[in-house]
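Chains, contacts and geometry: an overview
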Amino acid sequence: MANRSRIPALLISMFATFASIYVAGRLWQDSENRVYLIKELDRITGQGQSAISVDDTLKIIACREQHKKLDALEMELAAARQEGFVSKRLIETNGTYSERRPLVVIGILTKFGRQKNRDAIRKAWMGSGAALKKTEEGKGIVVRFVIGRSANRGDSQDKDIDRENRLTNDFLILDNHVEANEGLPMKAKLFFAHAADKWDAEFYAKVNDDVYVNIDALGATLATHLDKPRVYIGCMKSGEVFSEPNHKWYEPEWWKFGDKKSYFRHASGEMYVISRALAKFISINRSILRTYAHDDVSAGSWFIGLDVKHVDEAKFCCSSWSTGLSLSPSMFEQFVRVFELIPVHSFKKSGKVIHKSQQLLEGFPQIFSPLLEAE
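In this report, the structure presented in the accompanying data block is examined. Note that the structure is predicted; figures quoted are calculated from it, not measured. (Residues numbered from 1 in each chain as written. Predicted model: local features only at pLDDT ≥ 70, side-chain atom pairs only at ≥ 80, totals over all residues. Heavy atoms only, no water.)

Before going further, it helps to spend a moment on the overall build of the protein. The helix and strand inventory of the protein stands at 13 helices and 11 strands. Residues counted as buried form 42% of the 375 residues belonging to the protein. Pairs at least 24 residues apart make up 75% of the contacts formed inside the protein by residues separated by at least 6 positions. With an accessible surface of roughly 20,900 Å², the protein has 55% of that area assigned to carbon and sulfur atoms. (Helix = DSSP H or I, 4+ residues; strand = E, 2+ residues; numbered from the N terminus. Buried < 20%, exposed > 50% of the residue type's maximum accessible area, 1.4 Å probe, protein only. Contact = heavy atoms within 4.5 Å. Areas by Shrake-Rupley, 256 points an atom, 1.4 Å probe, with all protein chains shown as cover.)

Okay, helix H8 (residues 276-284) next. By the burial criterion, the buried members of H8 are Leu278, Ala279, Ile282 and Ser283. Viewed end-on, H8 has its buried residues packed into an arc of 145°, placing them on one side of the element. Buried-residue contacts for H8 involve helix H6 (184-198), strand E6 (203-208), strand E8 (231-237), strand E9 (266-275) and helix H9 (295-303). (Arc of directions from axis to C-beta.)

Turning our attention to the side chain of Glu136. Its location among the elements puts Glu136 in helix H4 (residues 130-139). Not counting the four nearest positions on each side in its chain, Glu136 is found in contact with Ile141, Val142 and Arg144.

Strand order in the open sheet formed by seven strands is E5-E4-E3-E6-E9-E8-E10, and the pairing between neighbours is mixed. Bordering the open sheet on either side are strand E5 (171-178) and strand E10 (309-312), each of which pairs with just one other strand. Strand-to-strand twist across the sheet, computed as the mean angle between neighbouring axes with direction ignored, equals 25°. Relative to E9, E6 runs antiparallel, the two being bridged by five bridges. (Pairing = 2+ DSSP bridges. Axes fitted to C-alpha atoms, helices over the stretch in contact; angles between N-to-C directions.)

Dropping the structure here:
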């Protein structure tokens, strides 16, 4: 009996011994693997002999990549402010970084029957063909004429615009907008919405088709506002709200502006600029943003309740606005013919961003007075 009782005890003892050896072996193997992993992590992260987790390692690698991208963006921004005012966006595509973001998209709101004005603008400051392309690629400034469609879709007016666009390729045609004198606020809203959808630019500008734009001054001015995510730039003004239906500037919604009947502060409609975030806001909310009688008041109303930086930029102001004077197409065409004889730098000395065509004439009376008299 004694011998039989010692056999199970011996078996248990042998099992325990083997189990201890097995567990010790596994622990030794795990420790070896841990040491190997720590050495590999140290080698990859350059942390010497410190032992860190895999999660920490991934965080360090991601952080370093972000620092590299930030450094590259800072260098691009510094270069953009000095050379051509083009803000370059770095987009990773198969390991390369090359795409540029335009600085500004300028929409020149025009109408049917204004081809002479458009031709004059092309000659004066916008350019055409290769020159227009050079402005886009070299300075990051995209310029397009903006127009809707005729109420009689497909008529001679639509065909004329399509024919002109085939020759110049410089239109943004709003197919879902019908051209009408009272439709300018809606047209401005659709321009910002469609431009934001088509171009991912830093800024978007609305301009009338009787305005001379100093491209270099505009680029320099906008480059100083690249650090503002939501900015609204223009010649800020206010003014009386007219409730008389027969008045030129009649506002059907006059009662909404209070007893004093004065508009809130907004940028003058000759030209104003908004940042990318605001253009995207208009694009997303185009169906619910209401318009008033005037496009500049309408644009100002869209930003009243937002956290937006209003910039009253004197370079966007023209002293001739108060006169309400502008050139007819025939006079504007004559103006450009004379303009081509004058060195461009003569108009740029003031550093202003825009000039109305009438103001340019007044600036050189000895040359342009015959045109004023002829008109």
